[in-house]
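For reference, the chains in residue letters:
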Amino acid sequence: MNKKFYFRIDDISTYRSELMGWAILWIMMLHFTFTQIKPLGFIAQFGFAGVEIFMMVSGFGLYYSLNKNGKLHPFYKKRLLRIFPTYYFLGLFASLLLYNDNLLQYLFRYSTIGFWSGGIYSGWYIPSIVFMYLLSPYIKKLYDMQLFFLIAFICIVILVISYILVSNELITKGEPHFFLLYRIPAFFFGMLCAYWSKKSISTKYYLYFLSCGIPFFIILFPQHHQIYNYKYFSFLFLLPLIVLFFITVSKNLKWMNPIIIEIGKASLEIYLIQGMFFHAILTGRISVSNEWHDFITILLIIISSVLGISAHWLINKLVINRLC
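Throughout what follows, the structure given in this document is the object of discussion. Since the model is a prediction, treat every value here as computed from it, not as a measurement. (Residues numbered from 1 in each chain as written. Predicted model: local features only at pLDDT ≥ 70, side-chain atom pairs only at ≥ 80, totals over all residues. Heavy atoms only, no water.)

1. What to know about the overall build of the protein
Moving on, step 1. The number of helices and strands found in the protein is 17 helices and 0 strands.
Moving on, step 2. By the compact-globule yardstick of 20 Å for 324 residues, the protein fits well, its C-alpha radius of gyration being 20 Å.
Moving on, step 3. Principal-axis analysis of the C-alpha atoms places the extent of the protein at approximately 50 × 45 × 45 Å.
Moving on, step 4. Looking at the protein as a whole, 50% of its 324 residues qualify as buried.
Moving on, step 5. In the protein, 75% of the contacts between residues at least 6 apart in sequence involve partners at least 24 apart.
Moving on, step 6. When the accessible surface of the protein is split by element, carbon and sulfur atoms take 69% of a total near 16,200 Å².
Moving on, step 7. The positive charge centre, built from 26 side chains, and the negative charge centre, built from 12, are 11 Å apart in the protein. (Helix = DSSP H or I, 4+ residues; strand = E, 2+ residues; numbered from the N terminus. Rg over C-alpha atoms; globule rule 2.2 N^0.38 Å. Buried < 20%, exposed > 50% of the residue type's maximum accessible area, 1.4 Å probe, protein only. Contact = heavy atoms within 4.5 Å. Areas by Shrake-Rupley, 256 points an atom, 1.4 Å probe, with all protein chains shown as cover. Lys, Arg positive; Asp, Glu negative; His and termini not counted. Charge placed at Lys NZ, Arg CZ, Asp CG, Glu CD.)

What follows is the structure in structure tokens.
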């Protein structure tokens, strides 16, 4: 078999930065929205699936991190230092330029408390990933105790609840807490893949998940024309296929990997910076005419990436490396 197309579970770790790089580029394509470049426009509309990649890769990485050192204090310290200095630093610009927060509002917004209490918050993803960070040591214990039936039961319950919410239209378009709920199984799947990798379990089990997910996607996706949130929910079942696709792309387009890796390493900073541009577009602070739309889209992706990589280097040099 051609090694370029050969897949092992360890590839998720080997190509972790590439996966995050492709994921954040896909998310930006969705947020900034191509219109006239038809192939890119079609691909861009499904950029929300990039978040599933982040959830899965996070679950995979956290399992390995906990496996190296099971002590919770250094684990939580490292995770929170990765998030909050960056979150508060870049959030300062968003609060000043977009939200007009006072000091207390700024501190509250980026504490993530507002997301859970119904107060002000800035985006759903950071509070959600912090929540999964806090739970991850206990999720890992379930895997280490081989409580696979309990894990499967939890995931099935979450999927059933998500399906009921979607099919009965009990959630509105863009409901942030739903965006976390239905992606929790992606996080569990990432940890499962890490468990398989650690135990040197055959890749065939990954391919079983891939094969089983496709029929669910085929059944669910066509209904998104009637119920909008089906589009989001259905793509969860393609996650193993999407990850395999981007790993294959990374293996066969190695000349692109250096820049994709840098984008992946700075994906948190890029996500936060592009979020400011996205908010400005939604609120009308940035308005672009149709004939310039795709040019500005490409420009915003480049600007967000360059600023994110620069911010990642600066924050690590001045803050994180000194505190860790």
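2. A look at the pattern of salt bridges
Moving on, step 1. This model, assessed by the stated rule, comprises 7 salt bridges.
Moving on, step 2. Across the pair Arg82 and Glu269 runs a salt bridge, and its minimum N-O distance is 3.1 Å. Of this pair, Arg82 sits in helix H5 (residues 72-99) while Glu269 sits in helix H16 (residues 267-282), placing them 187 residues apart in sequence.
Moving on, step 3. Taking relative accessible area as the criterion, Arg82 reaches 24% and is therefore assigned partly exposed.
Moving on, step 4. Exposure remark for Glu269: the relative accessible area of 0% places this residue in the buried category. (Salt bridge = Lys/Arg side-chain N within 4 Å of Asp/Glu carboxyl O.)

3. A closer look at a nonpolar patch on the surface
Moving on, step 1. Taken together, the side chains of Phe89, Leu92, Phe93, Leu96, Leu97, Trp313, Leu314 and Leu318 present a nonpolar region at the surface, about 780 Å² in accessible area.
Moving on, step 2. For the nonpolar patch, the secondary-structure elements that each account for two or more residues are H5 and helix H17 (293-323).
Moving on, step 3. Tallying contributions element by element places H5 first for the nonpolar patch, with 5 residues.
Moving on, step 4. Residue classification places Phe89 among the partly exposed residues on the basis of a relative accessible area of 34%. (Patch = residues over 30% accessible without salt bridge, like charges linked within 9 Å, V, L, I, M, F, W, Y side chains within 5 Å.)

4. Regarding the packing of aromatic side chains
Moving on, step 1. Tallied over the entire structure, the rule returns 47 aromatic pairs.
Moving on, step 2. Pairing Phe46 with Phe48 gives two aromatic rings, centres 6.4 Å apart and planes at 80°, and the pair type is edge-to-face. With respect to burial, Phe46 and Phe48 carry one shared label: buried.
Moving on, step 3. Relative to Phe93, the ring of Phe89 lies with its centre 5.6 Å away and its plane at 85°, an arrangement referred to as edge-to-face. Here the residue Phe89 and the residue Phe93 both occupy positions in helix H5, the gap between them amounting to 4 residues, near one helical turn.
Moving on, step 4. Under the relative-accessibility criterion, Phe93 is labelled partly exposed at 38%.
Moving on, step 5. Taking NZ or CZ as reference, Lys140 lies 4.9 Å from the ring centre of Tyr63, over its face.
Moving on, step 6. The aromatic ring of Phe179 is capped on one face by Arg183, whose charged end is 5.6 Å from the ring centroid. (Phe/Tyr/Trp six-rings, centres within 6.5 Å; stacked < 30°, edge-to-face > 60°. Lys NZ or Arg CZ within 6 Å of the ring centre and 35° of its normal.)

5. Looking at the side chain of Arg79
Moving on, step 1. For Arg79, the location among the structural elements is in helix H5.
Moving on, step 2. Look at Arg79: it is buried, it has no salt bridge, and the nearest opposite charge is Glu269 at 13 Å.
Moving on, step 3. Discounting chain neighbours no more than four positions away, the residues touching Arg79 are Leu62, Ser65 and Tyr133.

6. Structural notes on H5
Moving on, step 1. Its 28 residues give H5 an end-to-end C-alpha distance of only 35 Å, which falls more than 12% under 40 Å, the value for a rise of 1.5 Å per residue.
Moving on, step 2. By the largest-angle criterion, Leu81 marks the main kink of H5, which is about 30°, and a proline, Pro85, follows within four residues. (Expected span 1.5 Å × (residues − 1). Bend = angle between axes of the 7 residues up to and from the residue.)

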